[in-house]
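Understanding the architecture of this molecule
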Amino acid sequence: MFWRKKDNAADQVVEEAIVQELEVTEEVVVETPSVAATQDLVAVELPKRNLTKGFKSVFSRIKFDVENLEELEDVLIQADFGVGAAEAIVSEVKTRAKKAGARSEAELKTILTELLTEKMTRADSSLNLDSGKQPYVILVVGVNGAGKTTTIGKLANYLVEGGAKVTLGAADTFRAAAVEQLETWAQRSNSEIVKPVTEGQDPAAVAFEAVEKAVANGSDVLIIDTAGRLQNKQGLMDELGKIRRVIEKNLPISEVLLVLDSTTGQNAMTQAKAFTEVASVTGIALTKLDGSAKGGIVYAIQDQLNIPVKLVGVGEGINDFGFFDAKEFAIGLVGEN
Amino acid sequence: MFGNLSDRLVETFKGLRAKGKLSASDIDATLREIRKALLEADVALEVVKTFIAAVRERALGDEVSKALNPAQQVVQIVQEELIVILGGEARRIQFAKNPPTVIMLAGLQGSGKTTLAGKLAKWLKEQGQTPLLVACDLQRPNAVNQLQVIGERVGVPVFAPEEGNGKGNPVSVAKDSIKHAKQKQFSVVIVDTAGRLGIDEELMKQANDIRKATDPDEVLFVIDSMIGQDAVNVAKAFEDGVGFTGVVLTKLDGDARGGAALSVAQVTGKPILFSSTGEGMDAFEPFYPDRMASRILDMGDILSLIEQAQKSFDEQEALVMAEKMAKDAFTLEDFLDQMQQLKKMGSLRSMLSMMPGAGKLKGQLDNIDEKEIDRTEAIIRAMTPKERKDPKILNGSRRLRIAKGSGMTVTDVNSLVNRFEQAAKMMKVMAKGGNPGLPGMPQGMGAMPRPQAKKDKGKKKAKSGNPAKRAAEISGIEPPKQGNSGSSFGLGG
């Protein structure tokens, strides 16, 4: 759900129609208005998109009991939780199992599911699209090949389907054909796009133009793509800081999404740290979460860096994405009893 | 939060300083740290387990208990085993007898295939080949376009009859590209294929079809060095689905330790051919297993240091020397040899700058005065063979001649002869069962513990110590006139 100024009345009729249409096909979440929502704003419902199909249970091949929790540690390590987090979880499971007198595998699974859900549930895991200061700016950052452009395409499409007007800013002026790739997504999702005027133009300049255009064309959301950069490349990280400052001269940034490839191992932690430092990351989009069991690193990231996971990507299709849900993640990971 | 492995091992080894021998539980404690470090470097768990088991077996064996410095020996074993898994010697591209050589790239989405294709093309071009890039990734939006831009950047033609974005048949593009290459006499064909997620049968089949259609000389599996535990599954899936002949690691310029390299190499037994860093088209080089081993362990060059130290103080040589001493056959020539070994150690200083937390060590090595060794060498070289064998014949006029010949003063010559005599005398005493410390390395090799265990006096093994070390210690005790008595090598004179 996001909030839009009431005076956008013309669009609203269309929107409601869309929302109704969506209600037929998809379940709509009804949320209570947040503090920021004043009477000037009207809520635009977005279709619910939580995914379970992306998670494959890691416990299908092991059997565990109280005496043999070492195997649980191994399994967690294999799901990229990291040694530290895996050890902590196992010891907590032990404590709780002892307290509850749990012995059977089913009981232990329940304990683990609850524990993970509890630890990963956060109040701030939905997108911050409720300040009323439009257009909402979403800056998308990450290392090379994490899936930034694809994530933007999917998110744009989702927002457009929900009735939002979306503009994309192609500030990845470095990678060959990155602009064209984003343009393809703009077409697919019916979004506007702001491209660099010349090849290799200063990305901050593109971001600036994108802001101007999004304001001018009355967009609800502006999503800015940036070039992939490895977190230890100081020059490039500084450039990201500059893009941020340029945007903030005109508009507040609602979200800085760090796109993380879920196959990334322990390096995801250093990525998250570095990007948070320069770009004040507000949320994580976890991509490529389909196929095998993985993504455990987000547990450690949420836990240690206090950054919520917001979006989840599970494939190449335009609809292969959803919002992160701790309980579903936990159930998916541990498996149904 | 993790701290690097060398720091942790230093911690583990601290408690061992007083010990000359490692017990099984000492080794296990060390191995636990190594296990953790490997997991934090994203080496797959199953690979870590096999690896640790192998290291443990060797570490518990004779090799370590009989080693001069057991703790270092454990680290050494770890290093050796890592290099074995990583493929030992670096392998190079196999070129076809009849060109074109066909190289096919396969890998996950976002692993960096297209960028790599460009780098590989540039590298091959610089090797005198005439490469052709082939755009068979017709899936990802604008992948074809990206390859064309890259081809232009590196000045390599791109074969791209289809515009991509979901249109066109990659298998026929691949087939046609070979014909095209033959016609236009390209020597190497690089086929870029669509990236795929973990297990995607359709795309895997497509890659397999491309492989069948082009019969490539090399199929390179491209993998992001930041990948986590999933590396094993991905590698297996590609090995089963397409099969590959070699591996390329990408994005190695991040701070990822690249444990995936180990996982993939271990699970598939395939060599890693190249590593690539960054987007710059030059950021590409052949893969070096030994460097990767150090990187995975985050050990800086501490292992090279150990290695070099071991080379410098060859145990066998030391034994021969000890025997010589026992027989009173230690000559100035042997003395010179020992000096030169110390000099080799001195060159380690330059390596230290690359090492994490090596401050202590560096201070110690600073005490080796390479110039001093040069001067000693000059003096000895100015002697006749007869004089070198029997310094007793060095009378005043011989000494003056030697001083002139070496550009030194008679005092310098005297001081050297004195040092030699003292050293020879002391060594003789020790060789006959004195108080040896059996150091595998000179004192002050810093972070690593030096066993201080007292050996039984009559033990034969007592002879295997390093004479130079002893000589150095002795002259350290009685420093020569201009001496730098602080030197742990006693080379001040």
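As a reminder, the structure under discussion sits directly above these lines.
Throughout what follows, the structure given in this document is the object of discussion. (Residues numbered from 1 in each chain as written. Chains lettered and ligands numbered in written order. Predicted model: local features only at pLDDT ≥ 70, side-chain atom pairs only at ≥ 80, totals over all residues.)

Counting its secondary structure elements, chain B contains 22 helices and 8 strands. Here chain B holds 493 residues, and the buried ones make up 52% of them. In chain B, the proportion of contacts linking residues at least 24 apart, taken out of those at least 6 apart, comes to 76%. (Helix = DSSP H or I, 4+ residues; strand = E, 2+ residues; numbered from the N terminus. Buried ≥ 20, exposed ≤ 12 C-beta atoms within 10 Å, placed from the backbone. Contact = placed C-beta atoms within 7 Å.)

A word on the nonpolar core. The tendency in soluble globular proteins is for nonpolar side chains to be buried as a group. Membership of the largest hydrophobic core comes to 189 residues, with the highest contact counts inside it found for A:I223, B:V134, B:V189, B:I190 and B:V191. Ranked by residue count, the leading element in this core is helix 9 (residues 267-279) of chain A, at 7 residues. Judged by nonpolar contacts, the second largest core, of 14 residues, contains B:I373, B:I402, B:L416 and B:F420. (Core = buried A, V, L, I, M, F, W, Y, C linked by C-beta atoms within 7 Å.)

In this section: the sheet that holds strand 3 (residues 136-142) of chain A. Sheet strands pair via backbone hydrogen bonds, and the direction of the pair is either parallel or antiparallel. Residues and elements named next belong to chain A. Overall, mixed pairing links the 8 strands, which are arranged 5-4-6-3-7-8-9-10 in an open sheet. Both outer strands of the open sheet, strand 5 (192-194) and strand 10 (321-323), are each paired with one neighbouring strand and no more. Here the average twist between neighbouring strands, direction ignored, is 25 degrees. Strand direction decides the pairing type here: strand 3 and strand 7 (residues 253-261), joined by 6 bridges, are parallel. In the sheet register, V141 faces strand 7, and the bridge partner there is L258. Relative to the sheet, helix 5 (residues 148-161) contacts strand 3, strand 4 (166-171), strand 6 (221-226), strand 7, strand 8 (283-287), strand 9 (309-313) and strand 10, its axis offset from that of strand 6 by approximately 170 degrees. (Pairing = 2+ DSSP bridges. Axes fitted to C-alpha atoms, helices over the stretch in contact; angles between N-to-C directions.)

This paragraph deals with unusual backbone geometry. Residues and elements named next belong to chain B. The amide bond that connects P99 to the next residue, P100, takes the cis arrangement and shows omega of 5 degrees. Position of P100 relative to the elements: it lies in the loop between helix 5 (70-85) and strand 1 (101-107). Even without being glycine, K251 reaches a positive phi, approximately 55 degrees. Here K251 lies in the loop between strand 6 (246-250) and helix 11 (259-268). By the C-beta count within 10 Å, which is 29 here, K251 ends up buried.

Residue and element names in this part refer to chain A. In terms of burial, strand 3 is largely enclosed, as 7 of its 7 residues are buried. The alternating pattern of strand 3 places Y136, I138, V140 and G142 and V137, L139 and V141 on opposite faces, both of which are buried. By the bridge criterion, 5 bridges tie strand 3 to strand 6 in an arrangement that is parallel. Bridge assignment links V140 to a residue of strand 6, and that residue is D225.

Residues and elements named next belong to chain B. Relative orientation of the contacting elements helix 6 (residues 113-126) and helix 7 (residues 143-154) amounts to 25 degrees, with a least axis distance of 9 Å. Here helix 6 is positioned roughly parallel relative to helix 7, judged by the angle of their axes. Pair helix 6 / helix 7 crosses with right-handed handedness. Across the interface between the two elements, T114, T115, A117, G118, A121 and K122 of helix 6 pack against A143, Q146, L147, I150, G151, R153 and V154 of helix 7. The residue makeup of the contact of helix 6 with helix 7, split by class, is 6 nonpolar, 5 polar and 2 charged. (Parallel < 35°, antiparallel > 145°, perpendicular 65-115°, else oblique. Left-handed = near helix turned anticlockwise from the far one by under 90°. Nonpolar A, V, L, I, M, F, W, Y, C, P; charged D, E, K, R; others polar.)

This brings us to the interface of chain B and chain A. At the interface, 31 residues of chain B touch 34 residues of chain A. Those elements that place two or more of their residues in the side of chain B that touches chain A are helix 2 (24-40) and helix 7 of chain B. For the side of chain B that touches chain A, the residue count by class is 10 nonpolar, 13 polar and 8 charged.

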